[in-house]
Amino acid sequence: MMRQEKSRLTSGAFAALCGTTKETLRHYKDLGLLSPARQGENGYFYYDPEQFYDFYAISIFRQTGTSLEEIRRCLKRQDAAGTLALIQTQQARLEAQRQRLEQMDFVLSSAVRSLALSLGPDLVPQRTRFEQEHLLALPAADLMNVVDPEAGEDETLIAVLEHCQALCSRYGLQADYQLGAVHPPEAGGAPGAISHLYTRIKEKADFPYYMEKSAGTYWYVCCRGRWDISEGYAVLDAFIREQGVKTAGPFYACDLAEFILSGEEKSAASMIAVRVAD
């Protein structure tokens, strides 16, 4: 019985199958990375369909940052142990890249939300629902061990950010590094002194500085075009008292735009919010 002749693909057809170009195939051939199965009498090169998997493997390695020379050596050796080690190395690289992308997505999502809120009217109480947030919250009392009492505003900010970064590194946390403050409510609903400085983290974490900002309906005010937001506290406090709003939990104050539109007071935007009692 005669053996059926294998199907052959021209360079163009094989490039289309692999989603690449004939130029790429030619480059791989010149490097000795992926050679055509045969060359016809007409001078054209032909590939076996099974070589699709060779090209696919090369593409996967390339997307994980493996050099063409590393791939060539790996494919030439045909060594299972060596290939396994290379794949494991690339898996580790992919995991690191995945974490970086997740961090970028978290930061950008936070920025989108914050900048959208910053466009609201100035000093006008508004009501909305906020979803649950996870916070890395530094007790104000503990900051005495982090911040020099004689330090200026910039030095204080640097010290707090460095401390947050160190904690995130120690506990494997992803943060957006937008800073906010927690004010426990005083009698009558007015905000008290700062109890914590915080930054948002991506998910709940089991570590000493974790705090949850509950989901729910909040009253908030935006303070635009000013660094001093004391007037915002006064407006929100007066509104709560006049309307007889029952609040639950602390007041939260945070920058909305200064982290990305910094340098000029006219670009500053902050928010003060407090949850409505159920």
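Positions within a chain are numbered from 1, following the residues in the order the chain's sequence is written. In view of the model being predicted, local features appear only for residues whose pLDDT reaches at least 70, and side-chain atom pairs are presented and counted only at 80 or more, with totals across whole chains, interfaces and linings using the full set of residues. Excluding hydrogens and water, the side-chain figures rest on all heavy atoms present in the structure.

A few points about the sheet that holds strand β1 (residues 9–10)
Right, so step 1: By definition, two strands form a pair when at least two bridges between them are found by DSSP. Helix numbers and strand numbers start at the N terminus; a helix is a DSSP run of H or I with at least 4 residues, a strand a run of E with at least 2. One open sheet accounts for 3 strands, arranged β1-β3-β2; its pairing is antiparallel. Edge positions in the sheet fall to β1 and β2 (38–39), since each of these pairs with one other strand and no more.
Right, so step 2: Across 2 bridges, the pairing between β1 and strand β3 (residues 45–47) is antiparallel. For leucine 9, the partnering residue across the bridge sits in β3 and is tyrosine 47.

What to know about helix α7 (residues 230–243)
Right, so step 1: Look at α7: 20 Å from first C-alpha to last across 14 residues, which is about the 20 Å you get at 1.5 Å a residue.
Right, so step 2: Burial status follows relative accessibility: with a 1.4 Å probe on protein chains alone, a residue under 20% of its type maximum counts as buried, one over 50% as exposed, and anything between as partly exposed. Regarding α7, the residues found buried are Gly232, Tyr233, Leu236, Asp237, Phe239 and Ile240. Seen along its axis, α7 keeps its buried residues to an arc of 160 degrees; they face one direction.
Right, so step 3: Here, residues are in contact when the closest pair of their heavy atoms is within 4.5 Å. In this structure, the buried residues of α7 make contact with β6 (175–183), β9 (216–224), β10 (247–255) and β11 (269–276).
Right, so step 4: A positive phi of about 65 degrees marks glycine 244, the residue just after α7. Each helix should span, by expectation, one fewer than its residue count multiplied by 1.5 Å. Note that the arc is computed from the directions linking the helix axis to the C-beta atoms.

Describing helix α3 (residues 51–63)
Right, so step 1: If you check α3, its first and last C-alpha atoms are 19 Å apart, about what 13 residues at 1.5 Å a residue would give, namely 18 Å.
Right, so step 2: Three or more residues of α3 are buried, namely Gln51, Phe55, Ile58, Ser59 and Phe61. When α3 is viewed along its axis, its buried side chains cluster within an angular range of 165 degrees and face the same direction. Exposed residues lying more than 90 degrees from the buried face of α3 are Tyr53 and Gln63.
Right, so step 3: Residues of α3 that are buried make contact with α1 (11–18), α2 (22–30), β3, α4 (68–77) and α5 (80–118).

Describing the sheet that holds strand β8 (residues 210–213)
Right, so step 1: Strand order in the open sheet formed by 8 strands is β4-β9-β11-β10-β6-β7-β5-β8, with antiparallel pairing between adjacent strands. What marks the edges here is a single partner per strand, and that holds for β4 (126–130) and β8. When the angles between neighbouring strand axes are averaged without regard to direction, this sheet yields 35 degrees.
Right, so step 2: With 6 bridges connecting them, strand β5 (residues 133–139) and strand β7 (residues 196–201) associate as antiparallel partners. Among the inter-strand pairings, alanine 137 is bridged to a residue of β7, identified as tyrosine 198.
Right, so step 3: Simply put, an axis is a line fit to the C-alpha atoms, just over the touching stretch for a helix, and the angle between two N-to-C directions goes from 0 to 180 degrees. Contacting β4, β5, β6, β7, β9 and β11, α5 crosses the sheet at an angle of about 50 degrees to β6.
Right, so step 4: Its contacts with the sheet place α7 against β6, β9, β10 and β11, and it is angled at close to 140 degrees to β9.

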